[in-house]
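Okay, here's what each chain looks like letter by letter:
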Number of protein chains: 4
Amino acid sequence: MTNGHIFLYETMGTAMLLLLGCGVVANVVLKGTKGNGGGWLLINFGWGLGVFAGVYVAFKSGAHLNPAVTVAQLIMGKIDFGQALIYWAAQMVGAFIGAVLCWLAYRDHFDAEPDPALKLAVFSTGPAIRNPVWNTITEVIGTFVLVFVILISGGTPSGLGPLFVALLVVGIGASLGGPTGYAINPARDLAPRIAHALLPIKGKGSSDWSYAWVPVVGPVVGAILAALLFKAIGSDSIFPPIA
Amino acid sequence: MTNGHIFLYETMGTAMLLLLGCGVVANVVLKGTKGNGGGWLLINFGWGLGVFAGVYVAFKSGAHLNPAVTVAQLIMGKIDFGQALIYWAAQMVGAFIGAVLCWLAYRDHFDAEPDPALKLAVFSTGPAIRNPVWNTITEVIGTFVLVFVILISGGTPSGLGPLFVALLVVGIGASLGGPTGYAINPARDLAPRIAHALLPIKGKGSSDWSYAWVPVVGPVVGAILAALLFKAIGSDSIFPPIA
Amino acid sequence: MTNGHIFLYETMGTAMLLLLGCGVVANVVLKGTKGNGGGWLLINFGWGLGVFAGVYVAFKSGAHLNPAVTVAQLIMGKIDFGQALIYWAAQMVGAFIGAVLCWLAYRDHFDAEPDPALKLAVFSTGPAIRNPVWNTITEVIGTFVLVFVILISGGTPSGLGPLFVALLVVGIGASLGGPTGYAINPARDLAPRIAHALLPIKGKGSSDWSYAWVPVVGPVVGAILAALLFKAIGSDSIFPPIA
Amino acid sequence: MTNGHIFLYETMGTAMLLLLGCGVVANVVLKGTKGNGGGWLLINFGWGLGVFAGVYVAFKSGAHLNPAVTVAQLIMGKIDFGQALIYWAAQMVGAFIGAVLCWLAYRDHFDAEPDPALKLAVFSTGPAIRNPVWNTITEVIGTFVLVFVILISGGTPSGLGPLFVALLVVGIGASLGGPTGYAINPARDLAPRIAHALLPIKGKGSSDWSYAWVPVVGPVVGAILAALLFKAIGSDSIFPPIA
């Protein structure tokens, strides 16, 4: 797998994840949509199945789709730092593209929605109760669960792999998404926030940059803790690792 | 596989898809049903599992069930134009039959429902905010996701295939169905619209023909874009292709 | 497989199905439960996963769990009439036991619930709009879908089989359960109705015997039609048939 | 597998189960969360996917995660009493850790929530209608279903195993969770209750010790009955048993 292929597949897969992930939030929160008020489980399935589709699309590059997963694979020695940079760049570019596509798909509903906070909510996460320290802890815990279970399971998206990680993300959202909206992925939050800032969205408000570091730092710390614990227990994965 | 077999299986499979797909909308929107007001996720699961059942039924013919999928397989060179015509005809006939069966299953609830718009909604999609250009873009994006992920995954409904495509359709509905109700399939929308126009439905209103081209053009364009991108990246499918 | 083993496993499996199936209705409709008002999708998942658990339990006897499925297997020549009698007897006994266990599990909520109609609804189906002819047609269509897709898929509960049939039942409930509550299984409706009539349920009302033939006749007719169509098209199953 | 490894993996797996399981209750019931009022099906998926993640994490130790399952494996002769003690200790320690992590993840929402009963509900189950005898019977029935279906299916978490048991737990919650909130696991209830008593939770109330024996005794009795019936029918598991 060349760096070009890694970049191509991670970009496409992360764009797919964000298009579907941001899309379900748009469907639930924006004015006049058919899924308006559809509930938290609908949001969880939308994001989980966004991961599902994204993993298929990025199958060939290992489907990290998440800088925190790439951090863990770097710590595990599965990739080198140069490759990690390619993954991270692709994830940011893909997440940006996915957020733009979501905005295009829901264009008229963005225009119809009067509340700027709901427009931002489609792009990026925000805390239910703003408290950077505890919000970060919540993101650390959620991402720890994501990365640790992926490492235990082998981290490779073959056979049942896409379904497995989709269900894991549904579960994390259902159970740990309540306080912060479960970014658990720095690219998922930061790149759409940049898109929100740059796009000519009618009636948009602040991109809430003061919170932007939380869904970056929390997931990275969670991934590091997960990888370190995984190494400390000397565990093997259930499935054979990817090359 | 003879053309007769293709016609038989695609007709039966698409009838199954439409019976269950239109059925869940009837259950959620028509007066007095047990699932009335059941929500968007219920609709998403109904359509997704309609695809699930339809793929089993049309297994032998490759389970396109969707003219847009057939367009993509034609571009990929998996079928020739004569076969594509058989698929398209079968999909239209099957979708018509499925919509009629749904009407029979919910006969008394169609009679009890006073709102003509809800009666049409069981058969065909309609936009939340009417805007042909943007509605078409939404259908292009939704169908692109459907077809691109099917092509990436190999497009063959074996083993986990029916479950995979069912979940993909649940995800597209959850995330991209908000503005237009996700036709993402010309036969799914046009044939039931014809059924709505022809059937002696008590108190029915307009079949909204002015919108009818959107869920045909959008999905076809989306499928073409997906097939072209798939060819452009020179990707292989994850699973071996069907003969 | 001896007749005794068929009886044992079908009885246990159908009891499991009815315990979980009636249980989810009790949870959604009876006064004071934690799932009260939980919605149609919750009911669909409860019945679908009741099938899931029941298929595991009755794996060795082929997990018919439903006299309509047994009718189809009889028409297909997979079992003889003497075996069919064993299956039917076991399904009725098992469904009765499951309904009794559900009543025990929800004992205090049956006592607390003032509406006799809701108590009956836990045991047996009833029409949303009472119209025996159309109610029967709805049950014919729903059971046709169940049995035809089972026959197409091979009818054998191995590997993904329990999940497959569980999802199929979730889909039928979501899409075709609106008018009659989807009995699609004579034993599922008749045996609990007998239990309702016999059990000393506090404040119970009529067992609605005038409707009792609909969820028996409809499913049997639907199964016969499905088996005849399956034979007419000369289809093979996807999976190898059970011996 | 050494006793140390059993302890390590069961502790980690049960902590994962309780973090996600208690987490979904916190998300649904505590003030101001994003999933507030999300409904019973959301709770069922949260617990089911908590089992899913926990089974992966504790794969190597057989993923009992539940003293009642360990009781059944002891009766079946798969483990000896010394090993059972290790499992039980690990499950209690893990459940305690998981509950503490859940409290940390939802820290500000515990502080914001005025109702002490809802704070306890995140940690431990409570009856909808308090009646120790019938509450115990409900827990006996629910745990019987869990353990009997696990024994029938082989009890080994490979391949589809984690998904199987997750769906089984979703089904039990949907169908039998209405009266008592489905502990069906002594460690799931008792260890978080101890955590509730010990943690400095702002504005907490009673830990309801008078009820604490029900979700211990009920599950143990249910597991014993399931194992005895399984032995009585001389059944084999569908899948080969774990060593």
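Keep in mind it's a predicted model, so treat the numbers as computed, not measured.

So, on to a nonpolar patch on the surface. All names here are of chain A. Taken together, the side chains of Trp 213, Val 217, Val 221 and Leu 225 present a nonpolar region at the surface, about 320 Å² in accessible area. As for its placement among the helices and strands, Val 221 is situated in helix 10 (residues 214-232). Classification of Val 221 as partly exposed rests on a relative accessible area of 33%.

Residue and element names in this part refer to chain B. Inspection of every chain in the model, using the stated rule, returns 8 salt bridges over all chains. Across the pair Asp 208 and Arg 130 runs a salt bridge whose closest N-O atoms are separated by 2.9 Å. Of this pair, Asp 208 sits in the loop between helix 9 (186-198) and helix 10 (214-232) while Arg 130 sits in the loop between helix 6 (116-123) and helix 7 (132-153), and the two are 78 residues apart along the sequence. Accessibility expressed as a relative area gives 15% for Asp 208, which makes it buried.

Contacts between the two partners involve 41 residues from chain D and, on the opposite side, 35 residues from chain C. Taking both partners together, chain D and chain C bury about 3,100 Å²; carbon and sulfur atoms supply 77% of that area. Applying the counting rule to chain D against chain C returns 0 salt bridges. Of all elements in the fold, only helix 2 (40-57), helix 7 (132-153) and helix 8 (161-176) of chain D reach the threshold of two or more residues within the side of chain D that touches chain C. With 11 residues, helix 8 of chain D is the largest single contributor of residues to the side of chain D that touches chain C. Residue composition of the side of chain D that touches chain C, grouped by class: 27 nonpolar, 13 polar and 1 charged.

On to the interface of chain B and chain A, then. Contacts between the two partners involve 41 residues from chain B and, on the opposite side, 35 residues from chain A. Where chain B abuts chain A, roughly 3,100 Å² becomes buried across the two surfaces, and 77% of that area is made up of carbon and sulfur atoms. Along the contact surface separating chain B from chain A lie 0 salt bridges. Mapped onto the side of chain B that touches chain A, the elements with two or more residues apiece are helix 2 (40-57), helix 7 and helix 8 (161-176) of chain B.

Moving on, we get to the packing of helix 4 (residues 81-105) of chain C against helix 7 of chain D. Direction vectors running N to C along helix 4 of chain C and helix 7 of chain D enclose 140 degrees, while the axes themselves pass 8 Å from each other. Overall, the two elements helix 4 of chain C and helix 7 of chain D adopt an arrangement that is oblique. Contact residues: helix 4 of chain C offers Leu101(C), Leu104(C) and Ala105(C), while helix 7 of chain D offers Trp134(D), Ile137(D), Thr138(D) and Ile141(D). Looking at side-chain class alone, the contact of helix 4 of chain C with helix 7 of chain D contains 6 nonpolar, 1 polar and no charged residues.

Moving on: the packing of aromatic side chains. With the rule as written, the count across this model stands at 32 aromatic pairs over all chains. Seen from their ring centres, Phe45(A) and Phe45(B) are 5.4 Å apart, and the 90 degrees between their planes marks the pair as edge-to-face. On the criterion of chain membership, the pair formed by Phe45(A) in helix 2 (residues 40-57) and Phe45(B) in helix 2 is interchain, its members lying in two chains. For Phe45(A), a relative accessible area of 7% translates into the label buried. Ring centres 5.2 Å apart and planes at 80 degrees place the aromatic pair Phe52(C) and Tyr56(C) in the edge-to-face group. Placement of both Phe52(C) and Tyr56(C) in helix 2 (residues 40-57) is noted, with a separation of 4 residues, approximately one turn of the helix. An identical accessibility class is assigned to Phe52(C) and Tyr56(C); each is buried.

What counts, and at which threshold
Residues numbered from 1 in each chain as written. Chains lettered and ligands numbered in written order. Predicted model: local features only at pLDDT ≥ 70, side-chain atom pairs only at ≥ 80, totals over all residues. Heavy atoms only, no water. Patch = residues over 30% accessible without salt bridge, like charges linked within 9 Å, V, L, I, M, F, W, Y side chains within 5 Å. Areas by Shrake-Rupley, 256 points an atom, 1.4 Å probe, with all protein chains shown as cover. Salt bridge = Lys/Arg side-chain N within 4 Å of Asp/Glu carboxyl O. Helix = DSSP H or I, 4+ residues; strand = E, 2+ residues; numbered from the N terminus. Buried < 20%, exposed > 50% of the residue type's maximum accessible area, 1.4 Å probe, protein only. Contact = heavy atoms within 4.5 Å. Buried area = accessible area lost by both parts, 1.4 Å probe. Nonpolar A, V, L, I, M, F, W, Y, C, P; charged D, E, K, R; others polar. Axes fitted to C-alpha atoms, helices over the stretch in contact; angles between N-to-C directions. Parallel < 35°, antiparallel > 145°, perpendicular 65-115°, else oblique. Phe/Tyr/Trp six-rings, centres within 6.5 Å; stacked < 30°, edge-to-face > 60°.

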